[in-house]
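# Results of the structural survey
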Amino acid sequence: MSKPESPDPQRVTDPSRRQWLRGSLAAGSAALIPLVNSGCSTTPAPAAVSALGAATEAVLAAVADRLLPADALGPAASALGAVAYINRSLLEWNQRDLPLLQNGLLALNEAAHRRHGRGFVALDAGEQDALLMALEGNTVAELPEGSTLFNRVHRLVLEGLFSDPWYGGNRDFGGWDLIGYPGAVLASTTDMQRLGQRLAPLHTSAYGSEHDGH
Amino acid sequence: MMAIELPETDVVVIGLGASGGVAVLPLARAGLRVIGLEAGTWMDPGRDYRADEVHNNVRALVTTGGKAASEVPTFRTAADQVARQQARHPMMNAVGGTSIHYHAQSWRLNPWDFRVRSATLERYGAAYLPAGCTVEDWPLGYDELEPYYDHIEYEVGVSGKAGNLRGTLDPAGNIFEGPRQREYPMPPLRSCDYLDHMLASARAIGLHPYRGPAAINSRPYEGRPGCAFHGYCDRGGCHIRAKSSTDVTTIPKALATGNLTVVDHANVRRIVTDNSGRAVGVRYFRHGEEYLQPARAVLLGTYTYENIRLLLLSRSQGHPEGIGNSRGQLGRHYFGHWDAQAGVSVAALFPRDLNIWYGAIAQGVMVDDWADDNFDHGGLGFIGGATLHAYTEKHPIAAAGMNTFGRVPRRWGSQWKQFVAENAGRWASAYIQTNTFPYANTWCDLDPDVRDPHGDPVLRITSGPKVNEPRAAAHAAIKMIEWFRAAGAIEVTGGQGGTGPALSTHAHGGTRMGLDPSTSVTDAFGFVHDCSNLGVLGGSVMGTAGARNPTQTLQALAWRTADKLVDKLRSA
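An account of the accompanying structure is given in this report. The model shown is predicted, which means the values in this text are computed figures rather than measured ones. (Residues numbered from 1 in each chain as written. Chains lettered and ligands numbered in written order. Predicted model: local features only at pLDDT ≥ 70, side-chain atom pairs only at ≥ 80, totals over all residues. Heavy atoms only, no water.)

### What to know about the interface of chain B and chain A
Stated formally: The contact criterion used is simple: two residues touch if any of their non-hydrogen atoms lie within 4.5 Å. Each of two parts loses accessible area, computed with a 1.4 Å probe, when they are put together; buried area is these two losses added. By convention in these notes, a salt bridge is any Lys or Arg side-chain nitrogen within 4 Å of a carboxyl oxygen on Asp or Glu. Here a polar contact is recorded for every N or O atom pair within 3.5 Å, except that within protein the pair must consist of a potential hydrogen donor and a potential acceptor, and residues adjacent in sequence are included only if both atoms are side-chain atoms. What counts as a helix is a DSSP run of H or I of at least four residues, what counts as a strand is a run of E of at least two, and both are numbered from the N terminus.
The interface is formed by 57 residues belonging to chain B together with 64 residues belonging to chain A. Taking both sides of the interface into account, the surface hidden between chain B and chain A amounts to around 5,300 Å²; carbon and sulfur atoms contribute 56%. If you sort the residues of chain B by the area they bury against chain A, Tyr358, Trp412 and Lys417 of chain B come out on top, with a joint share of 16%. Counting across the chain B and chain A interface gives three salt bridges. Counting across the chain B and chain A interface gives 29 residue pairs in polar contact (both at pLDDT 80 or more). Those elements that provide at least two residues to the side of chain B that touches chain A are helix H2 (45-48), helix H3 (53-58), helix H6 (193-204), helix H9 (396-400) and helix H10 (414-423) of chain B. Element by element, the count of residues in the side of chain B that touches chain A is highest for H10 of chain B, at seven residues.

### Quick look at the side chain of Glu38 of chain B
Residue and element names in this part refer to chain B. Here Glu38 is to be found in the loop between strand E3 (34-37) and H2. A polar contact of 3.0 Å, which involves the side chain of Glu38, links it to the backbone nitrogen of Leu16. Here Ala94 takes part through its backbone nitrogen, which lies 3.1 Å from a polar atom of the side chain of Glu38. When sequence neighbours within four positions are dropped, the list of residues in contact with Glu38 reads Gly15, Leu16, Gly17, Asn93, Ala94, Val95, Val263, Asp264, His265 and Ala266.

### Section: the environment of Gly378 of chain B
Residues and elements named next belong to chain B. On the secondary structure map, Gly378 appears in the loop between strand E15 (364-367) and strand E16 (386-391). Along the sequence, Gly378 and Tyr128 sit 250 residues apart, while their C-alpha atoms lie 9.2 Å from each other. When sequence neighbours within four positions are dropped, the list of residues in contact with Gly378 reads Tyr124 and Tyr128.

### Observations concerning the pairing of strand E10 (residues 267-273) of chain B
Residue and element names in this part refer to chain B. Note the following rule: The buried label goes to any residue with under 20% of its type's maximum accessible area, the exposed label to any with over 50%, and the partly exposed label to all in between, with areas taken from a 1.4 Å probe on protein chains only. Should DSSP find at least two bridges between two strands, the strands are regarded as paired.
Of all seven residues making up E10, six are buried, and the element is well covered by its neighbours. Strand direction decides the pairing type here: E10 and strand E11 (residues 279-286), joined by six bridges, are antiparallel. From the neighbouring strand, Val268 faces E11, where its bridge partner is Tyr284. Remark: five residues form the turn of the hairpin made by E10 and E11, two consecutive strands paired antiparallel; Gly277 in that turn has positive phi of roughly 95°.

### Side note on unusual backbone geometry
Residues and elements named next belong to chain B. The phi dihedral of Glu222 falls on the positive side, at around 50°, and the residue is not glycine. Position of Glu222 relative to the elements: it lies in the loop between strand E8 (209-211) and helix H7 (250-256). Judged by its relative accessible area of 48%, Glu222 falls in the partly exposed class. A positive phi is found at Phe229, a non-glycine position, where the angle reads about 55°. Structurally, the position occupied by Phe229 is in the loop between E8 and H7.

### Thoughts on the packing of aromatic side chains
Note the following rule: Between 30 and 60 degrees the pair is tilted, below 30 it is stacked and above 60 it is edge-to-face, where a pair is any two Phe, Tyr or Trp rings, Trp via its six-membered ring, whose centres lie within 6.5 Å. Criterion for a charge above a ring: Lys NZ or Arg CZ within 6 Å of the ring centre, and within 35 degrees of the ring normal.
Applying the stated criterion to the full structure yields 25 aromatic pairs over all chains. Here the aromatic rings of Tyr85 of chain A and Tyr167 of chain A are separated by 6.3 Å at their centres, their planes lie at 80°, and the arrangement is edge-to-face. One end of the pair, Tyr85 of chain A, is in helix H3 (residues 82-91); the other, Tyr167 of chain A, is in the loop between helix H6 (146-162) and helix H7 (174-179), and 82 residues separate them in sequence. Of the two residues, Tyr85 of chain A and Tyr167 of chain A, neither departs from the other in class, the shared state being buried. Between Phe350 of chain B and Phe484 of chain B the ring centres are 6.0 Å apart and the planes differ by 75°, which places this aromatic pair in the edge-to-face class. Of this pair, Phe350 of chain B sits in the loop between strand E14 (345-349) and E15 while Phe484 of chain B sits in helix H11 (residues 468-486); the two residues are 134 residues apart in sequence, bridging distant segments of the chain. When sorted by exposure, Phe350 of chain B lands in the same class as Phe484 of chain B, which is buried. Three or more aromatic residues link up through ring pairs in this structure, and these residues are Tyr85, Trp93, Trp166, Tyr167 and Tyr207 of chain A. The ring of Tyr184 of chain B carries Arg180 of chain B above its face, with NZ or CZ at 4.1 Å from the centroid. One cation-aromatic arrangement involves Lys479 of chain B over Trp370 of chain B; the distance from NZ or CZ to the ring centre is 4.2 Å.

### A word on the nonpolar core
All names here are of chain B. Note the threshold: Working definition of a nonpolar core: buried Ala, Val, Leu, Ile, Met, Phe, Trp, Tyr and Cys residues. They are joined through side-chain atoms within 4.5 Å.
Membership of the largest hydrophobic core comes to 83 residues, with the highest contact counts inside it found for Ile14, Leu27, Leu37, Ile271, Leu299 and Leu534. Among the elements that line this core, the one with the most residues is helix H12 (residues 551-571), at nine residues. Setting aside anything within four residues of it in sequence, one finds Leu37 in contact with Val12, Val13, Ile14, Gly15, Leu16, Val263, Ala266, Val268, Val282 and Tyr284.

### Things to note about the environment of Arg171 of chain A
Residue and element names in this part refer to chain A. Looking at where Arg171 falls in the secondary structure, it is placed in the loop between H6 and H7. The class for Arg171 is partly exposed, based on a relative accessible area of 39%. Distance from Arg171 to Gly117, taken between C-alpha atoms, is 34 Å for residues 54 residues apart in sequence. Setting aside residues no more than four positions away along its own chain, Arg171 makes contact with Ser78, Ala79, Leu80, Gly81 and Ala84.

### Focus on the packing of helix H4 (residues 98-116) of chain A against H6 of chain A
Residue and element names in this part refer to chain A. Where we set the bar: Inter-axis angles, ranging from 0 to 180 degrees, are taken between N-to-C directions of lines fitted to C-alpha atoms, where helices are fitted over the stretch in contact. In this scheme, a crossing is called left-handed if the near helix is turned counterclockwise away from the far one by less than a right angle; it is called right-handed if the turn is clockwise. Classification used: nonpolar for Ala, Val, Leu, Ile, Met, Phe, Trp, Tyr, Cys and Pro, charged for Asp, Glu, Lys and Arg, polar for all others including Gly.
Orientation of H4 relative to H6, taken along the N-to-C sense of each, is 115°, at an axis distance of 10 Å. As H4 runs across H6, the sense of the crossing is left-handed. For the pair formed by H4 and H6, the contact residues are Leu100, Leu101, Gly104 and Leu105 on the first element and Thr148, Leu149, Arg152, Val153 and Leu156 on the second. For the contact of H4 with H6, the class distribution of residues is six nonpolar, two polar and one charged.

### Some details on the packing of helix H2 (residues 54-67) of chain A against H6 of chain A
Residues and elements named next belong to chain A. Definition in use: Geometric relationships in this document are graded by angle, where less than 35 degrees denotes roughly parallel, more than 145 denotes roughly antiparallel, 65 to 115 denotes roughly perpendicular, and other angles denote oblique.
Running from amino to carboxyl end, H2 crosses H6 at an angle of 75°, the nearest separation of the two axes being 10 Å. Taken together, the axis directions place H2 and H6 in an arrangement best described as roughly perpendicular. Touching Leu60, Val63, Ala64 and Leu67 of H2 are Phe150, Val153, His154 and Val157, all from H6. A per-class count over the contact of H2 with H6 returns seven nonpolar, one polar and no charged.

### Observations concerning the sheet that holds strand E4 (residues 74-76) of chain B
Residue and element names in this part refer to chain B. The four strands are arranged E5-E4-E19-E18 in an open sheet whose pairing can be described as mixed. Strands at the two margins of the open sheet, each flanked by one partner only, are strand E5 (84-85) and strand E18 (442-451). Two strands pair when backbone bridges link them, and E4 and strand E19 (residues 457-463) are joined in this way by three bridges, in the parallel orientation. Note on E19: the bridge partner recorded for Phe75 is Ile461.

Right under this line is the structure:
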């Protein structure tokens, strides 16, 4: 399996952005700093490869969608790109979590089979929740490290929901809209630090205009 | 293979971070030829710093890596255990070092911190000194360091409000601070509604809150802009150079004199001494070649762990146990803020949106009433205390990972989704930073098993349990809960976030300053007792950790050591 060529954000250079940074430094005044990042930048290539494989990734998606289900407040975790984010992290900077997720989700699926005669994806929501509660409480006999798996997946789903959309999660800023985080900016005003009312969404990414909404 | 011998210079400074990056300035201004050896290289704000929680906090791309990542210390909690290597070093290498990504809270220690032992004996008696505590008075007092604190505030650039101007107290500042000769060069960082509210709430219950000092420009200063409060200061570099890290302050000033040469990617392996025990230079690797850099004097300004390790590794006929270790003191009296162990963070839920997404950790309100010896400890069973710090800058992943205060049955599912949708922007945390002291049960030495890629042993930390510091932190946490309640919080929980002992960015001691060579490694100016042309810079020389971040103190000490070295070399 070869790794897809997707850019590491650490290495992305953006001449236009650096250019105005120099400009604002030369001026020596914060007043000239644009409120949001208006430069364009390289868009990350969508990962063409599934780090976990399709079947295990489907289990992950089903788990993620119970952690953040679709409801009146908005879409479920996978529709918000949480699984896409986790996949990208596993392919790039988070490869050390691969064995835990690979083995753990497989074991979770087998535990579902043993209890219900169906895989985790085919369980109904109540059955999935019951199994996840047991996993969180570390009482699934087949998974002695069940709570470790649960905590790690929980954390990664949070990252996928609420990280900069540049990484493939928080699709259309749906995660940030849910919790009221307006968006990444390069400067804030006192009006953005007022008590009492939710700020209007900005839908801005740290990585430029391709992710500034549609 | 022979090392390539370079021409002699006046001073080699090892490490161009928070301390070494300051020391080069007085040396270069005095006309000395200075070579700064840095294991990392220059960071590029446009490339390396991002308004991105994944970049800074999840992947830790600014805070970790480089040479430091290859020499992570091992750790254990008792001498009969095998120490295990920690997963990640909280250190990195770059010109500017940790000052690039620190919170930039920039403090003078309280005068009490310099004389904890004698002050405790005077006020409470010997029974109040914690069991096993090896604390001594520093070999200098606050008054001796005051001019150097002033140098740092003006040369590095610190924003704040004086609370004690030559003895006149001003309640807008910290009335518990020691007297200062003049105001800060810049006013405090901009406030905001939440902080104004916290400040008023503290006043209402009789506390003495103030807006904390920060090595961040509150307005344009020396050609750098004021802070833009974008909310990604924590573990990130400043995209506009408003944070006064040494790579944008003292190091460029030193370079402008023409007397400083920065050598990047320099991996220092040994400090070289002659038969008389004097330092004569430094051996380092750079891009696969080994070099010997002779020098009239050496200043060691890496991080606490590498300071100790490099001295232990630099064995010779004159220093068979390592430089500064003839009395077995090297690595002893090692301590830091993790010794509080628990209760270091308090979280509160408010009934309205706080809008503290943006800002900076250093954009905060402080309370010193329960720190240091600012209150009567009679009957409390501990000395010292902690500062309380309410602040801004809340990143979205961390916000959504909030404590649910028991208001929903689980931290997932539809009920949780509704809870975070409403409350992720309505909670705040406060930091409890505790005075900590050295103990006989805590030290550093070389690990017998684990080695770095060059084959040298990594440092091993042994850190035993503490009683005094957790008590002081728990006491302060109760006060923080009272403050949050007074501010209208509807839920408050203490004791969150205490991780216990581990590797830390606030590692102190190991090369302690002192007058007595049998209980210290360095003298009153930071020079090794039995190697007087080798000075040590950084938190490793400090004998107590105040209830506050150490950087400005270790920078003031570094400037003072460099000044002393100028005198020494001129009279030589």
